[in-house]
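This is what each chain is made of:
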Amino acid sequence: EFERCGESQYRYRKRYNDSSVQLLCEALRLNTVLVSLNLSSNNITDVGARHLADLVPHNHTLTSLNLNCNSITDQGFLRLAKALHLNSSVSVVSSESNPIHPNTRRQLHDAINQTAG
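Residues numbered from 1 in each chain as written. Predicted model: local features only at pLDDT ≥ 70, side-chain atom pairs only at ≥ 80, totals over all residues. Heavy atoms only, no water.

**Student:** Which residues make up the overall build of the chain, and what values go with them?
**Tutor:** Summing up its helical and strand segments, the chain has four helices and five strands in all. In the chain, the order of α-helices and β-strands from amino to carboxyl end is β-β-α-β-α-β-α-β-α. In the chain, buried positions account for 44% of the 117 residues. The long-range fraction of contacts in the chain, counting pairs at least 24 apart against all pairs at least 6 apart in sequence, stands at 79%. A total accessible area of about 6,500 Å² is found for the chain, and carbon and sulfur atoms account for 50% of it. (Helix = DSSP H or I, 4+ residues; strand = E, 2+ residues; numbered from the N terminus. Buried < 20%, exposed > 50% of the residue type's maximum accessible area, 1.4 Å probe, protein only. Contact = heavy atoms within 4.5 Å. Areas by Shrake-Rupley, 256 points an atom, 1.4 Å probe, with all protein chains shown as cover.)

**Student:** Go over the pattern of salt bridges with me, naming the residues and quoting the values.
**Tutor:** One pass over the full model with this rule turns up two salt bridges. The closest approach of N and O atoms between R79 and D54, which form a salt bridge, is 3.6 Å. Taken together, the positions of R79 in helix α3 (residues 74-84) and D54 in helix α2 (residues 46-55) put the pair 25 residues apart, joining distant regions of the chain. The residue E96 makes a salt bridge to R105 at a minimum N-O spacing of 3.9 Å. (Salt bridge = Lys/Arg side-chain N within 4 Å of Asp/Glu carboxyl O.)

**Student:** Which residues make up the environment of N70, and what are the values?
**Tutor:** Within the secondary structure layout, N70 lies in the loop between β4 (64-66) and α3. Using a relative accessible area of 3% as the deciding quantity, one classes N70 as buried. Along the chain, N70 and S40 lie 30 residues apart, while their C-alpha atoms are 6.5 Å from each other. A polar side-chain atom of N70 sits 3.2 Å from the main-chain carbonyl oxygen of N68. (Polar contact = N/O pair within 3.5 Å; in protein donor to acceptor, adjacent residues only side chain to side chain.)

**Student:** Describe the sheet that holds strand β5 (residues 92-94), and please don't skip the residues or the numbers.
**Tutor:** What holds strands together in a sheet is hydrogen bonding between their backbones, with the strands either parallel or antiparallel. Taken in spatial order, the three strands make up an open sheet running β3-β4-β5, and their pairing is parallel. If you trace the sheet from one side to the other, it starts and ends with β3 (36-38) and β5, each paired once. Across the sheet, the mean angle separating the axes of adjacent strands is 0 degrees when strand polarity is ignored. Pairing of β3 with β4, which is carried by three bridges, proceeds in the parallel orientation. Looking at the pairing, N38 lines up with N66 of β4. (Pairing = 2+ DSSP bridges. Axes fitted to C-alpha atoms, helices over the stretch in contact; angles between N-to-C directions.)

From the geometry alone we can't say anything about function, so treat these as descriptive.
Now the structure itself:
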C-alpha cells in the first residue's frame, strides 16, 4: 500500500518508524564506518528526530542524513539543529517533504554551515 508524499514521491506505508530509529541510533553510537544515512520515505516523527538528535553529538563519522518525506515537524528539526552545533562532521541534512516552516529549514542550514565553517 502506497501513499503520496510530496509532488512526485510515494512511500510504502509501515517502513521504519520511531522505534526502529531508536534501535538504529543505539547501534550507530559505535559506528566508525557509515557516513551517509538515508531514512527518507518512512514513518519518522519528532520522536525519531529526537533519537537522531541524541545520536549526532556522539557520532563523528556520519556526514549526510536524508530525512526527506517523513512526518518530522519544526520541533524535531529544531532539536536536530541544536544537536548539529555539537557535531562538525554532518554537512548535509535533507528535510524536503516534511511539515516544517521555511525558518526551520534556514535554522537547520545555518547550524550545518556554522559547524562546517
